[in-house]
Amino acid sequence: MNNLNLESILLFLKNNFFYFLIGLLSLAVIFGSYFVYKTNERNKIYASQEVYEEYLEEINSLEEIDIKALENLSYKLKDIYDESTYSLMADFYLVKIYFENGEEEKALNTILELNSTLEGKNSSKSFLRDLSRIRLASIYVNFDRFDEAREVLIRNFDYYDSLRLEKLGDLEKEDLNPKKAEDYYNQAIELSDNQTQINLLNFKLSSLASSSNVN
């Protein structure tokens, strides 16, 4: 009986040898491709890190920041690996630098593109997505585009909820709705565990009260 079973197995293997060979080759290709993919991903991350360090050196330089150089480094990061955190963080810095140097339109266009990218990311990037929403809303407020800022800030956030409420308070203050601003500031204080932010919120509340008394 055992000999018959062994003969049956050997006969089965002989008749299906081609299919087994194809299966083994397919597995080898799959594992090989995965290994190449992971190695390539790792190499791109390392390359991105090196460019990002160069980017930070430019920002932290004692000399005047060369915006064109930062733009070129940002493009280089995108060419290497546009989905890396390094590439995304470089754009956050670029938005800040544009804004501080009076290039508000460039700041707005850059943060719009960054936010659009992050809105399509998975949950592992949601903290950056929420940060981009806050930055986008702040720039909208600067342009007096209050409805667009409000639309961004009323979305569901996974992070920075107290900061989101503070920005809603800032928005309502600029839009001349002091009562709504006060409510948002108070909600932000309740949620915040950052004493520096709480102190700032209390200052904003006192400023609201002073403005109301003057009026």
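Residues numbered from 1 in each chain as written. Predicted model: local features only at pLDDT ≥ 70, side-chain atom pairs only at ≥ 80, totals over all residues. Heavy atoms only, no water.

Turning to helix α8 (residues 161-174), a few remarks are in order. Since the α-helix packs 3.6 residues into each turn, any two residues three or four apart lie on the same face. Taking 1.5 Å per residue as the helical rise, α8 with its 14 residues ought to reach 20 Å, and the 20 Å between its terminal C-alpha atoms agrees with that figure. Along α8, the positions that sit buried rather than exposed are S162, R164, L165, E166, L168, G169, D170, L171 and E172. Residue L176 follows α8 closely and has a positive phi angle near 60 degrees. (Helix = DSSP H or I, 4+ residues; strand = E, 2+ residues; numbered from the N terminus. Expected span 1.5 Å × (residues − 1). Buried < 20%, exposed > 50% of the residue type's maximum accessible area, 1.4 Å probe, protein only.)

Our focus in this paragraph is the side chain of S132. Inspection of the secondary structure assignment puts S132 in helix α6 (residues 126-142). Since its relative accessible area comes to 0%, S132 is described here as buried. Looking at S132, its side chain comes within polar contact range of the side chain of N115, at 3.0 Å. With residues up to four places along the chain from it excluded, the contact list for S132 reads F92, I111, N115 and L118. (Polar contact = N/O pair within 3.5 Å; in protein donor to acceptor, adjacent residues only side chain to side chain. Contact = heavy atoms within 4.5 Å.)

Right, let's talk about the packing of α6 against helix α7 (residues 146-153) for a bit. Where α6 contacts α7, the axes come no closer than 8 Å and their chain directions differ by 165 degrees. Looking at the two axes, α6 sits roughly antiparallel to α7. Handedness of the crossing formed by α6 with α7: left-handed. Contact residues: α6 offers R133, L136, A137, Y140 and V141, while α7 offers F146, E148, A149, V152 and L153. When the residues that make up the contact of α6 with α7 are grouped by side-chain class, the tally is 8 nonpolar, no polar and 2 charged. (Axes fitted to C-alpha atoms, helices over the stretch in contact; angles between N-to-C directions. Parallel < 35°, antiparallel > 145°, perpendicular 65-115°, else oblique. Left-handed = near helix turned anticlockwise from the far one by under 90°. Nonpolar A, V, L, I, M, F, W, Y, C, P; charged D, E, K, R; others polar.)

Looking now at unusual backbone geometry. Phi is positive for Y160, close to 60 degrees, though the residue is something other than glycine. Along the chain, Y160 falls in the loop between α7 and α8. The phi dihedral of L176 falls on the positive side, at around 60 degrees, and the residue is not glycine. Secondary-structure assignment places L176 in the loop between α8 and α9 (178-191).

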